[in-house]
Amino acid sequence: MLRRLIVFSLLFCLGCSAQSNPQSGALDVNQRIERQVHSYFSVPADVNVKVGPHTPSEFPNYETVPVTLSRGDKSQSMEFLVSKDGKTLIRMTKIDLTEDPYAATMKKIDVAGRPVRGNPNAKVTIINYDDFECPFCARMHSTLMTEILPQYGDKIKIIYKDYPLSMHPWAKHAANNANCLAKENGQGYWEFADYVHANQRAISGNQKDLQGSLNELDHITMDIGKKNGADASRLQACIKAQPDDVMKASVAEGDSIGVNATPTVFVNGERLEGAVDIDEVKAALNQRLLEAGVQPPPPTAAPQATTSK
């Protein structure tokens, strides 16, 4: 909802001066708060701004006032401070310094039963919220599997979670098929992930022929499953049924921790969104490894240019 309103969560303190008669009453103060919020944050005209009742705050000469922004059935609420004289509005984010935000994020991510690449006992975990039809996800998958994992080896583990986007017509089907393979064995899941990310265009084929793409995904899933010792009849039944409980739970989980695009990667809870540069991934990994008491691997040597004689 309202992507531009995310800025609210990023502001530590903002003062908005309300130039009006401080004796004009609570109703007028609320009207001015609404007007300032609409103007300062460029809130779209179709978004309703509702100011709640003023209550005592822990800050002298200020009251707490809730402000709710809503459009249709979606809403977002936040708290402001308003001076008792009605002249100043402050938005503050209160941060609990006793809690590790990265650890708190990892606690919200359910990895039980998910296939793992790397060292299952590694102290640093890469969680990747992935969409099998997303071209940026294909790039991230290649980065993780062909560059990061070979360099970091048993120092890390990689786990994928589902976050298929609605704009990709066969992404949910692919996620369900991958989860059918995961029920059989992890190797089949990863082989499927490797193949699909590398062959997105071929699977899409004629973009008007969605059923053809789905049939191709099913064929790929069965071939990979048989190759990796899956029970053929059980796998085929799973593919036909398309159980989506695992996928839906993963999407809801992603939503709860702020995922709204793919790929979104968490390195021991530190968030990296989009097709980030490999150096950014390595920097996050190195920092988390050092925090865990593990020495990062030495930097890879840059390829030397060859000169012809």
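What counts as what
Residues numbered from 1 in each chain as written. Predicted model: local features only at pLDDT ≥ 70, side-chain atom pairs only at ≥ 80, totals over all residues. Heavy atoms only, no water. 1 Å grid on protein atoms, 1.4 Å probe; cavity = no way out; pocket = protein on both sides within 12 Å on 5 of 7 lines; lining within 4 Å. Points joined across faces, edges and corners; volume = space filled by probe spheres on them. Helix = DSSP H or I, 4+ residues; strand = E, 2+ residues; numbered from the N terminus. Nonpolar A, V, L, I, M, F, W, Y, C, P; charged D, E, K, R; others polar. Phe/Tyr/Trp six-rings, centres within 6.5 Å; stacked < 30°, edge-to-face > 60°. Buried < 20%, exposed > 50% of the residue type's maximum accessible area, 1.4 Å probe, protein only. Salt bridge = Lys/Arg side-chain N within 4 Å of Asp/Glu carboxyl O.

K.L.:
Mind showing me how you'd approach empty space enclosed by the protein here?
P.N.:
Taking a probe equal in size to a water molecule and rolling it over the atoms shows the remaining empty space. Using the criterion set out here, one finds three cavities of 30 Å³ or more in the structure. As for the second largest cavity, its lining consists of Asp 130, Asp 131, Phe 132, Tyr 160, Lys 161, Asp 162, Pro 164, Ala 171, Ala 175 and Tyr 189. Secondary structure elements with two or more residues in the lining of the second largest cavity: strand S9 (156-162) and helix H5 (171-184). The biggest single contributor to the lining of the second largest cavity is S9, with three residues. The class makeup of the residues in the lining of the second largest cavity is six nonpolar, no polar and four charged.

K.L.:
When you look at the packing of aromatic side chains in this model, what are you seeing that I'm missing?
P.N.:
All told, the structure shown has five aromatic pairs when counted by the stated rule. Consider the rings of Tyr 129 and Phe 266, whose centres lie 6.0 Å apart with planes at 80°: the pair is edge-to-face. Of this pair, Tyr 129 sits in strand S8 (residues 124-130) while Phe 266 sits in strand S10 (residues 264-267), and the two are 137 residues apart along the sequence. Each of the two residues, Tyr 129 as well as Phe 266, counts as buried. With centroids separated by 5.0 Å and ring planes inclined at 75°, the aromatic side chains of Tyr 160 and Trp 190 adopt a geometry described as edge-to-face. Of the two residues, Tyr 160 is situated in strand S9 and Trp 190 in helix H6 (residues 186-198); the sequence distance between them amounts to 30 residues. Residue Tyr 160 shares its accessibility class with Trp 190, and that shared class is buried. Grouped by ring-pair contacts, the aromatic residues Tyr 160, Tyr 189 and Trp 190 constitute a single cluster.

K.L.:
Any chance you could explain the pattern of salt bridges here in plain terms?
P.N.:
A side chain with one charge can pair with a side chain of the opposite charge if their charged atoms come near. Scanning all chains against the criterion turns up 11 salt bridges. For Arg 288, the salt bridge is made with Glu 270, and the minimal N-O distance between the two is 2.2 Å. Highlighted residues: Arg 288 in helix H11 (residues 278-291) and Glu 270 in strand S11 (residues 270-273), separated in sequence by 18 residues. Assigned by exposure class, Arg 288 and Glu 270 land together as buried. The residue Glu 273 makes a salt bridge to Arg 271 at a minimum N-O spacing of 2.8 Å. The network of salt bridges with common partners includes Glu 270, Arg 288 and Glu 291.

Fair warning: the whole summary comes from geometry, so function is off the table for now.
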